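A closer look at the structure
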Amino acid sequence: NAGVTQTPKFQVLKTGQSMTLQCAQDMNHEYMSWYRQDPGMGLRLIHYSVGAGITDQGEVPNGYNVSRSTTEDFPLRLLSAAPSQTSVYFCASSYTSGTGSSGYTFGSGTRLTVV
Amino acid sequence: AQSVTQLGSHVSVSEGALVLLRCNYSSSVPPYLFWYVQYPNQGLQLLLKYTTGATLVKGINGFEAEFKKSETSFHLTKPSAHMSDAAEYFCAVSGRLGSSNTGKLIFGQGTTLQVKP
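First things first, this report covers the structure right here in the doc. Within any chain, residue numbers begin from 1 and follow the written order of that chain's sequence. The order in which chains are written sets their letters, starting at A; the order in which ligands are written sets their numbers, starting at 1. Thresholds applied to this predicted model are a pLDDT of at least 70 for local features of residues and 80 or more for the giving and counting of side-chain atom pairs; totals over whole chains, interfaces and linings are not thresholded and use all residues. In computing side-chain values, all of the structure's heavy atoms are included and hydrogens and water are not.

What makes two residues a contact is simply this: any of their non-hydrogen atoms within 4.5 Å. Listed as interface residues are 24 residues of chain A and, on the opposing side, 23 residues of chain B. Joining two parts hides part of their accessible area as seen by a 1.4 Å probe, and the buried area is that hidden amount summed over both. Taken together, the two surfaces of chain A and chain B that pack against each other cover about 1,800 Å², and 58% of this comes from carbon and sulfur. What makes a salt bridge here is a side-chain nitrogen of Lys or Arg within 4 Å of a carboxyl oxygen of Asp or Glu, nothing more. The tally of links between chain A and chain B comes to 0 salt bridges. Any pair of N or O atoms that falls within 3.5 Å is considered a polar contact. Within protein, one atom must be able to donate a hydrogen and the other to accept it, and sequence-neighbouring residues count only if both atoms are side-chain atoms. Put simply, chain A and chain B have 4 residue pairs in polar contact (both at pLDDT 80 or more) between them. Of all the elements in the fold, those that place two or more residues in the side of chain A that touches chain B are strand S4 (31-37), strand S5 (43-51), strand S10 (96-97) and strand S11 (100-101) of chain A. Residues are sorted three ways: Asp, Glu, Lys and Arg are charged, Ala, Val, Leu, Ile, Met, Phe, Trp, Tyr, Cys and Pro are nonpolar, and all the rest, Gly among them, are polar. Residues that form the side of chain A that touches chain B fall into these classes: 9 nonpolar, 13 polar and 2 charged. Counting from the N terminus, the helices are DSSP H or I runs at least four residues long and the strands are E runs at least two residues long.

Let us now look at the sheet that holds strand S8 (residues 76-78) of chain A. Residue and element names in this part refer to chain A. What makes two strands pair is DSSP finding at least two bridges between them. One open sheet accounts for 4 strands, arranged S1-S3-S8-S7; its pairing is antiparallel. The open sheet has two free edges, formed respectively by strand S1 (4-7) and strand S7 (64-66), since each of these has just one partner strand. Averaged over all adjacent pairs, the angle separating strand axes in this sheet is 20°, with direction ignored. Alignment of S1 against strand S3 (residues 19-25), held across 4 bridges, turns out to be antiparallel. Residue pairing for S3: Thr-5 is matched across the bridge by Ala-24. Lines fitted to C-alpha atoms define the axes, with helix axes restricted to the stretch in contact, and inter-axis angles between N-to-C directions lie between 0 and 180 degrees.

Right under this line is the structure:
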């Protein structure tokens, strides 16, 4: 199993450009999430999904869009990049059953710089 | 709304000493609780979790944590620190199956653990 795969690993954007960060998981997990990590601020939830076709906003959703057309994929779109979106982005997935949660499995991250 | 507070952004211990990283949560119902570790320039690795059953949970690398509902706490401990334990540690909370926060994982701000020789 590949787990959670994020692409690209590194990206430099100019202010105002748009792009999509890709996230795919092969574990048939129902839950997927996107986080950004900034020094001293921990990981902040951008958007999350509880299943195909269902998404919701997290703590810092402004400037980002998501969709989930399949169980496997959960892309994150930056509509018009701003320097404040310079960060490391992590995608994660998990499942929950009557016996509890699997715990989220994280991808290796995308380091994004907006100039 | 769920939230997590980690007391102390930096903790320094000597090698061989007890490690105690504090985590308190806020949730209307008992949540699922997690500890993750992040080594420099790496992703996050699950250390341990409390979801159902025993309130004292054991994880990888000799770490354990105890869920205390009355104190809304989930502190992480390790009896004897190793140099290799130096990393950043994150406590996180999500809603139980069927709750309004199911699948929504919220993190604390992290605690950097320094281990001195």
